[in-house]
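Chain residues, written in single-letter form:
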Amino acid sequence: MKDLPTPKEDILSELAQIQSKDLKYSDGKILGSMCTEAHPFAKEIYIKFLDSNLGDPGLFKGTREIEEKTINIIGKLLSIDKAYGNIVTGGTEANIMALRAARNHARKYKGIKNGEIIIPESAHFSFKKAADMMNLKIVESELDDNYKINPKSVQDNISDKTVSIVGIAGTTELGLIDPIEELSNIAFENNIYMHVDAAFGGFSIPFLEMAGYNFPKFDFSLPGVSSITVDPHKMGLAPIPAGGIIFRKKEYLKVMAIDSPYLTVKTQSTVVGTRLGASSVATYALLKYFGSDGYSKLALKLMNNTKFFKNNLEKIGYNIVVEPELNIVAFNHPTKDADILAKELKDLNGWIVSVASCPKAIRIVLMNHVTKQHLTQLLKDLKELF
Ligand code: 0PR
């Protein structure tokens, strides 16, 4: 049977019907996501650069230039004057690149085979993917009573096979910032590569600091920090996919360079070959459009929503797991199991919350699409279910 062409209107109407099954950020019911609706200006830019393939950057020199500029702007935010790296598909790919650099560097300069990485128990599961792909052994360091990595445990876990220490600035479940300075000191003293996963926090901590918040150092101002993941598609409002990997030294890209002899550029360090230029350009456009002022205002607004939500939860009688450092609130009912409460919230009004595992708790990520109005309704429902 031959397939006849389908008129555009028919395809559009079929897709509209299918899309109606998707949730929309604007409904305010998505409460466990670190992604949000991309800024309309970024979407406009994105479409203009859809054909730019950074897998062959010699063909798209302008777009490559913008990727470099983007990396440099983000680098400056993270206290380094000249940064190296890429805009990639997300935090997962960024973390994979960081560990690949660490592994290859340790293999080249220290002859380490079958390396180990020390990560906190709170690390995102992308590290498990990375370790699995690269045959690295994961050594988990325990958390302290405040759910942050215990530097003593990291120190104890170091062996002659350690290729990287990992700390998190904005943990996935609780939004907490590990004691990066202590980890950096340990890494520096032991001459070990240190990676900071600031996929979530990297686009808010610097801007909150500009607005007067005080955070412990977490970036390249610490001499032990070798690379940082920071994702524009989370707090940066960039369209997916947009992750960022920033390296202190060009050497880290070199140790994972693979020959690509017939391309316009003779080596490639990224995991992905053909890759979007649009993500870099949309991120660049937003960095210019918002400026640090605009991003500070956004981060501040979300922190204010976080405080508003947390204070009112406590008034109702819910228990907060830990004082929020960024825009994530984790809480529990005094007696009801978190999974049961999550289901009740879904049944009552379609709220989609996620349940954290360490410790078990309802976890709300206060992204840009979750407004004060949504929070007021959610608090009303939480009171009803109390
Ligand atoms: N590092 C940290 C600290 C993360 O929280 C995440 C993802 C990653 C790395 C990996 O990033 P990519 O997902 O960009 O590769 N954090 C969220 C999570 O797993 C991602 C997410 C986003 C989940 C939207 C749900 C959702 O609806 O919870």
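Residues numbered from 1 in each chain as written. Predicted model: local features only at pLDDT ≥ 70, side-chain atom pairs only at ≥ 80, totals over all residues. Heavy atoms only, no water.

Participant: Quick question: what am I supposed to make of the packing of helix H4 (residues 91-110) against helix H5 (residues 126-134) here?
Facilitator: Helix packing geometry: the angle between the two helix axes and the distance between the axes. At their nearest, the axes of H4 and H5 sit 9 Å apart, and the two run at 45° to each other. When the interaxial angle is binned, H4 and H5 end up oblique. Crossing angle aside, the handedness with which H4 passes H5 is right-handed. Note on element contacts: H5 touches H4 through Ser126, Phe127, Lys129, Ala130, Met133 and Met134, opposite Thr92, Asn95, Ile96, Leu99, Arg100 and Arg103. (Axes fitted to C-alpha atoms, helices over the stretch in contact; angles between N-to-C directions. Helix = DSSP H or I, 4+ residues; strand = E, 2+ residues; numbered from the N terminus. Parallel < 35°, antiparallel > 145°, perpendicular 65-115°, else oblique. Left-handed = near helix turned anticlockwise from the far one by under 90°. Contact = heavy atoms within 4.5 Å.)

Participant: Can you help me understand the site of the ligand in this one?
Facilitator: Residues in close proximity to the ligand total 18 residues, the closest being Thr92, Thr172, Asp197, His233 and Lys234. Residue Thr172 places a side-chain N or O atom 2.7 Å away from an oxygen atom belonging to the ligand. His233 places a polar side-chain atom, nitrogen or oxygen, 2.9 Å from an oxygen atom of the ligand. Per-element accounting of the shell around the ligand gives the leading share, 3 residues, to H4. For the shell around the ligand, the residue count by class is 4 nonpolar, 10 polar and 4 charged. (Near = heavy atom within 4 Å. Polar contact = N/O pair within 3.5 Å; in protein donor to acceptor, adjacent residues only side chain to side chain. Nonpolar A, V, L, I, M, F, W, Y, C, P; charged D, E, K, R; others polar.)

Participant: Looking at this structure, how should I read the sheet that holds strand E3 (residues 137-141)?
Facilitator: The pairing of strands in a sheet comes from backbone hydrogen bonds and takes either a parallel or an antiparallel form. Read across the sheet, 7 strands follow the order E1-E7-E6-E5-E4-E2-E3 without closing on themselves; strand pairing throughout is mixed. The outermost strands of the open sheet, each flanked by one partner alone, are strand E1 (84-88) and E3. Each strand of the sheet is rotated relative to its neighbour by a mean of 20°, with strand direction disregarded. One ladder, built from 3 bridges, connects strand E6 (residues 225-229) with strand E7 (residues 243-247); its direction is antiparallel. Each residue of the ladder has a partner; that of Ile228, found in E7, is Ile246. (Pairing = 2+ DSSP bridges.)

Participant: Explain the domain arrangement of the protein chain here, please?
Facilitator: One widely used convention gives an interface's size as the accessible area the parts lose upon coming together. Domain boundaries assigned for the protein chain yield domain 1 (8-38 + 292-384) and domain 2 (41-288). Taking only C-alpha atoms, the centre of domain 1 and the centre of domain 2 are 27 Å apart. Each side of the interface is counted separately: domain 1 has 30 residues, and domain 2 has 34 residues. Summed over both partners, the interface of domain 1 with domain 2 comes to about 2800 Å²; 69% of that surface belongs to carbon and sulfur atoms. When the buried area of domain 1 at its contact with domain 2 is split by residue, Tyr295, Glu325 and Leu326 rank highest and sum to 27% of it. Linking domain 1 with domain 2 are 2 salt bridges, by the criterion used here. Glu37 is the salt-bridge partner of Lys43, the closest N and O atoms lying 3.3 Å from each other. Among the elements of the structure, helix H10 (278-316), strand E11 (328-332), strand E12 (354-357) and strand E13 (360-365) are those that each provide at least two residues to the side of domain 1 that touches domain 2. (Domains from an automatic or database assignment. Buried area = accessible area lost by both parts, 1.4 Å probe. Salt bridge = Lys/Arg side-chain N within 4 Å of Asp/Glu carboxyl O.)

Participant: Is there a simple way to think about the pairing of strand E2 (residues 116-120) in this case?
Facilitator: Remark: a regular strand shows side chains that alternate across the two faces of the sheet. The element E2 is largely enclosed, with a buried count of 5 among its 5 residues. Of the two faces of E2, the one lined by Glu116, Ile118 and Pro120 and the one lined by Ile117 and Ile119 are each fully buried. Where E2 and E3 come together, 5 bridges link them in parallel fashion. Bridging across to E3, Glu116 finds its partner in Lys137. Once the chain exits E2 it traverses H5 before rejoining the sheet at E3, and the crossover so formed is right-handed. (Buried < 20%, exposed > 50% of the residue type's maximum accessible area, 1.4 Å probe, protein only. Right-handed = clockwise from strand over helix to strand, strands pointing away.)

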